[in-house]
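# Structural characterization, general
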Amino acid sequence: QVRLVESGGGLVQAGGSLRLSCAASGRTFSSYAMGWFRQAPGKEREFVAGVTWSGASTYYADSVKGRFTISRGNAKTTVYLQMNSLKPEDTAVYTCTARREGKTTVTVVANGYDYWGQGTQVTVSS
């Protein structure tokens, strides 16, 4: 079983930055893509960013391109989301995800991911 634990959420003013971290445990020798989704109140969950197993390829939602950066740690069991130039519309619960073993490419579809963290709140004030 894979466990994903996020950290780094919080309250920030518009224009500020936050860095989210997600640590995976329980499956440290498999290859899998990871990503971040978010869900704002009253809205559907949406893809934010994803990174391949190697870390060489990254993908972003249009709404965050140029502001957010996803990366993997050297051990590949940790993924980070650096969020800059935050806007009030970025306010949401951000959840880390991982695909199952062998799924090394990114998908923007939520049901393509098999493991989910508990989520961390990001609130951007205007």
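Up top is the structure these notes are about.
Remember, it's a predicted structure, so these values are computed and weren't measured experimentally. For every chain, the first residue of the written sequence is number 1, and numbering continues from 1 along that sequence. Only residues with pLDDT of at least 70 get local features here, since the model is predicted, and only at 80 or more are side-chain atom pairs given and counted; chain-wide, interface and lining totals rely on the full set of residues. No hydrogens and no water enter the side-chain calculation; it runs on all heavy atoms of the structure.

If you look at the biggest cluster of nonpolar residues, it comprises 30 residues, and the most contacted ones within it are Leu4, Met34, Trp36, Leu81, Met83 and Tyr94. Throughout, nonpolar core names a set of buried Ala, Val, Leu, Ile, Met, Phe, Trp, Tyr and Cys residues whose side chains join them through atoms within 4.5 Å. Each residue is placed in one exposure class: buried if its accessible area under a 1.4 Å probe, protein chains only, is under 20% of its type's maximum, exposed if it is over 50%, and partly exposed if it falls in between. Formed by five residues, the second largest nonpolar core is a distinct cluster that contains Ala33, Phe37, Val106 and Tyr113.

For the rest of this paragraph, the subject is the environment of Asp114. Numbering goes from the N terminus for both helices and strands, where a helix is a DSSP run of H or I of at least four residues and a strand is a run of E of at least two. Topologically, Asp114 is positioned in the loop between strand 9 (92–98) and strand 10 (115–116). Accessibility expressed as a relative area gives 35% for Asp114, which makes it partly exposed. With 65 residues separating them along the chain, Asp114 and Ala49 place their C-alpha atoms 16 Å apart. A contact between two residues is defined here by any heavy atoms of the two lying within 4.5 Å. With residues near it in sequence (within four places) discarded, Asp114 still touches Ala98, Arg99 and Arg100. A polar contact is formed between the side chain of Asp114 and the backbone nitrogen of Arg100, at a distance of 2.9 Å. Here a polar contact is recorded for every N or O atom pair within 3.5 Å, except that within protein the pair must consist of a potential hydrogen donor and a potential acceptor, and residues adjacent in sequence are included only if both atoms are side-chain atoms.

Attention now goes to the state of the cysteines. To count as a disulfide, a pair of cysteine sulfur atoms needs to be within 2.5 Å. Inspection of every chain in the model, using the stated rule, returns one disulfide. Two residues, Cys22 and Cys96, share a disulfide whose sulfurs are 2.0 Å apart. Negative torsions about the S-S bond denote left-handed disulfides, and the value of about -80° found for Cys22 with Cys96 makes this one left-handed. With Cys22 in strand 3 (residues 18–25) and Cys96 in strand 9, the pair connects residues that are 74 residues apart, well separated along the chain. We classify Cys22 as buried; its relative accessible area is 0%.

Our focus in this paragraph is the pairing of strand 11 (residues 120–125). Only one face of strand 11 is covered, namely the one carrying Thr120, Val122 and Val124; the face carrying Gln121, Thr123 and Ser125 has none of its residues buried. Two strands make a pair as long as DSSP finds a minimum of two bridges between them. Where strand 2 (residues 10–13) lies against strand 11, four bridges are found, and the strand directions are parallel. Residue pairing across strands places Leu11 opposite Thr123, the latter belonging to strand 11.

You can see Thr97 is positioned in strand 9. If sequence neighbours within four positions are ignored, Thr97 has contacts with Leu4, Ala33, Met34, Gly35, Trp36, Phe37, Tyr113, Tyr115 and Trp116.

What is shown is where atoms sit, not what they do.
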